[in-house]
Amino acid sequence: MCIRDRLETVDSPLARALWWELSHEPLRWHAHMGATVYSLDVSPDGRWIAAGLQDGTVHLVDAVTREAQPLRGLRDPVQAVAFSPDGSQLACGTYGGQLALWRVDDPGTPVLVDGAHEGFLSILTYAPDGSLLASASKDGTVGLWDPASGQRLRTLEPGGERVHDVVFSSTGAWLATGDGQGVVGVWDPATGERLRTLEGHDKSIHRLAFSPDGAWLASASWDGTTRLWNLPDGGLRAVLRGHQARVTAVAVHPDGDRLFTSSNDRTVRVWSTQDGRELDVLRGHDARIGGLQLSPDGTQLATRGDDATVRLWDLAGGGPPRVLEGHTASIMRIRYSPDGARLYSGGNDHEVRAWATAVERVVPPQRGHEAMVTALDLTADGTVAASASLDQT
């Protein structure tokens, strides 16, 4: 058991002091993947992290032991990875249009669909009940698949160029698509019927998000705006204007009252979903913000930037963000663990990093060694700690 694990089970003044020292550095572990991390997901139980790499490999990392198992068999860069809602399956999509389905408990030979799409397979998402898997591609189509067999059930053709995003509503009754022509499609995934066509954006739509209750849909575009659409009638609820460049990501707060957008203009904007008012502007990144994610409980917002940092914003208490530094290149993906205690990031520096999202500062640090501490352990009751250092004491 490592010292950090021991400190999580022992309570004493000394243990709290040592915990302060370790907690002051939010990085919990990092692993070198050997290639750029293009895609990242965390299993619903928090046990596994999947990283899709530029070299066509998928690494399945045990979040407890930190051991990484490489999954091979794909020819091209892995652009999308997604765990099924029950965590039993991992779906992966590649730049060349391959689709692979691995069993997580026995990741031997996957169900492999060559030519699932004619181009870049960039998005994979499961229906909430796990009965369908949707894939989106540069070929302008959406595939709906039976996850158990890997059989294609139907193909949706939005009608524009590349489909940039596809999302299910919380009940799975609706599926939304956003394409390169700036058009949103709302579909019945059970039948493949197109229910609504929502138009108004001037440029491509890159991110979509349903409200928690499915009453409206947000579409974020490279035209610098985000639009809110009422459902099921498709009426325009609000146009959110304020970003000075492309909108790169959108997230809806669990309460449904706030919406967060990030942009190439280096800002995050907070909006009221009731009337479209801008509530706040979050600044801090030194380069474009490529993506964001809300913690599961909605108390924290994580943003990733091309400045090689992740920033954690306290939505309850406010104040400046915590800056997570360590990556040496732009960060491609971030994902919270299901309990919100960890945030995983993967980047162009070939690394996956695991960060603690909460930092306790209980008592001041204890000092004494004159050089780096190389070993540390606690007695079982947490009252005595032994440390060894390069200062030879």
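Every chain is numbered independently, its residues counted from 1 as its sequence is written. Totals for whole chains, interfaces and linings use every residue, but because this is a predicted model, local features are given only for residues with pLDDT of at least 70 and side-chain atom pairs only at 80 or more, for both listing and counting. Side-chain measures were taken over the full set of non-hydrogen atoms in the model, leaving aside hydrogen atoms and water.

## Description of the packing of aromatic side chains
The description of two aromatic rings rests on the distance between their centres and on the angle between their planes. Here a Phe, Tyr or Trp ring, Trp counted by its six-membered ring, pairs with any other such ring whose centre lies within 6.5 Å, and the pair is stacked when the planes are under 30 degrees apart, edge-to-face when over 60, and tilted otherwise. Scanning the model with the defined rule gives two aromatic pairs in all. Measuring from centroid to centroid gives 6.0 Å for tryptophan 29 and tyrosine 344, while their planes differ by 50°, and the two rings are tilted. Taken together, the residues tryptophan 29 in strand β1 (residues 27-32) and tyrosine 344 in strand β31 (residues 342-347) connect sequence positions 315 residues apart. Only protein chains enter the accessibility calculation, which uses a 1.4 Å probe; a residue is then buried when its area is under 20% of its type maximum, exposed when over 50%, and partly exposed in between. By relative accessible area, which is 8% here, tryptophan 29 ends up buried. You can call tyrosine 344 buried: its relative accessible area is 4%. Centroid distance tyrosine 95 to phenylalanine 120: 5.1 Å. Interplanar angle 35°. Geometry classified as tilted. Linking tyrosine 95 in the loop between β7 (89-94) and β8 (99-103) with phenylalanine 120 in the loop between β9 (111-113) and β10 (121-126), this pair joins segments that are 25 residues apart in sequence. Here the guanidinium or amino end of arginine 47 rests over the ring plane of tryptophan 48, the centre of that ring lying 5.3 Å away. By the criterion adopted, a ring carries a charge over it if an Arg CZ or a Lys NZ lies within 6 Å of its centre and within 35 degrees of its normal. Seen from the ring of tryptophan 222, arginine 246 lies directly overhead, with NZ or CZ sitting 3.4 Å from the centre. The secondary structure listing takes helices from DSSP runs of H or I that are at least 4 residues long and strands from runs of E that are at least 2 residues long, numbered from the N terminus.

## As for the environment of glutamate 118
The topology assignment puts glutamate 118 in the loop between β9 and β10. Judged by its relative accessible area of 77%, glutamate 118 falls in the exposed class. Between the C-alpha atom of glutamate 118 and that of glycine 96, which follows or precedes it by 22 residues, the distance is 7.3 Å.

## A short note on the nonpolar core
If you look at soluble globular proteins, the nonpolar side chains tend to sit buried side by side. Nonpolar core, defined: a set of buried Ala, Val, Leu, Ile, Met, Phe, Trp, Tyr and Cys residues in which side-chain atoms within 4.5 Å join the residues together. Core analysis: the largest hydrophobic core is formed by 15 residues, its most contacted members being Trp29, Met33 and Tyr344. Counting only elements with at least two residues in this core, the list comes to β1, β2 (37-42), β3 (48-53) and β32 (351-356). Any two residues having at least one pair of non-hydrogen atoms within 4.5 Å are treated as being in contact. Setting aside chain neighbours within four positions, we find tyrosine 344 in contact with Trp29, Leu40, Val42, Ile49, Ala63, Arg333, Ile334, Arg335, Ser337, Arg353 and Ala354.

## Thoughts on unusual backbone geometry
In this structure, proline 232 follows leucine 231 across a cis peptide bond, with omega equal to 10°. Residue placement: proline 232 occurs in the loop between β20 (226-230) and β21 (236-240). Of note, arginine 266 is a non-glycine position whose phi angle comes to about 75°, a positive value. With relative accessibility at 43%, the residue arginine 266 sits in the partly exposed group. With a phi close to 70°, alanine 308 is a non-glycine residue in the positive phi region. Position of alanine 308 among the secondary structure elements: in the loop between β27 (300-305) and β28 (310-314).

## Looking at the pairing of strand β13 (residues 151-156)
Summarising the sheet, strand β12 (residues 142-146) and β13 pair through five bridges and their orientation is antiparallel. Note on β13: the bridge partner recorded for tryptophan 145 is arginine 152. For two strands to be treated as a pair, DSSP must find no fewer than two bridges joining them. Between β12 and the antiparallel strand that follows it, β13, lie four residues; glycine 150 among them carries a positive phi value of about 80°.

Take it as geometry only, folks, not as evidence of what the structure does.
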